[in-house]
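Observations on the model geometry
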Amino acid sequence: MVQTPPTRSEADRERLILRLAEQEHGRVTVPEVAARCDLTIAESKATLDRLVMAQVATIQVTQGGVLVYV
């Protein structure tokens, strides 16, 4: 049987992502957040985008076109 990840509040997801960003010297990607925080891609992107809208993070684009949240 496949287990579904526990449902987390927005605040819980933000805390998980901010802890990961701290470990990664302030730079994370959506797939990295999803894999390391046990979130879906959609949850990861939505939470990161919310942090950008709250002016807690910014988005940079690498030369290869990868979105990096800083």
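Structure first, text after, so check above.
All of the points below concern the structure found in this document. Note that the coordinates shown come from a computational prediction; the quantities given were computed from them, not determined experimentally. (Residues numbered from 1 in each chain as written. Predicted model: local features only at pLDDT ≥ 70, side-chain atom pairs only at ≥ 80, totals over all residues. Heavy atoms only, no water.)

What to know about the overall build of the protein chain
Helix and strand content of the protein chain: 3 helices and 2 strands. Counting only C-alpha atoms, the protein chain reaches 40 × 25 × 20 Å along its principal axes. Put simply, the protein chain has 70 residues, and 26% of those count as buried. Within the protein chain, contacts between residues separated by at least 24 positions form 40% of all contacts whose residues are at least 6 apart in sequence. Just so you have it, the protein chain exposes about 4900 Å², and 56% of that area is on carbon and sulfur atoms. (Helix = DSSP H or I, 4+ residues; strand = E, 2+ residues; numbered from the N terminus. Buried < 20%, exposed > 50% of the residue type's maximum accessible area, 1.4 Å probe, protein only. Contact = heavy atoms within 4.5 Å. Areas by Shrake-Rupley, 256 points an atom, 1.4 Å probe, with all protein chains shown as cover.)

Here we look at the packing of helix 1 (residues 10-23) against helix 2 (residues 30-37)
Orientation of helix 1 relative to helix 2, taken along the N-to-C sense of each, is 110°, at an axis distance of 10 Å. Of the possible angle classes, the one that applies to helix 1 and helix 2 is roughly perpendicular. Helix-helix and strand crossings are classified by hand; for helix 1 and helix 2 the assignment is right-handed. Contact residues: Leu16, Ile17, Leu20 and Gln23 in helix 1; Glu32, Val33, Arg36 and Cys37 in helix 2. (Axes fitted to C-alpha atoms, helices over the stretch in contact; angles between N-to-C directions. Parallel < 35°, antiparallel > 145°, perpendicular 65-115°, else oblique. Left-handed = near helix turned anticlockwise from the far one by under 90°.)

Overview of the pattern of salt bridges
Throughout the structure, instances matching the rule amount to 6 salt bridges. Its salt-bridge partner being Asp12, residue Arg15 comes within 2.6 Å of it at the nearest N-O pair. Linking Arg15 with Asp12, this pair stays in helix 1, spanning 3 residues, or about one helical turn. Residue classification places Arg15 among the partly exposed residues on the basis of a relative accessible area of 43%. Residue classification places Asp12 among the partly exposed positions, given a relative accessible area of 31%. (Salt bridge = Lys/Arg side-chain N within 4 Å of Asp/Glu carboxyl O.)

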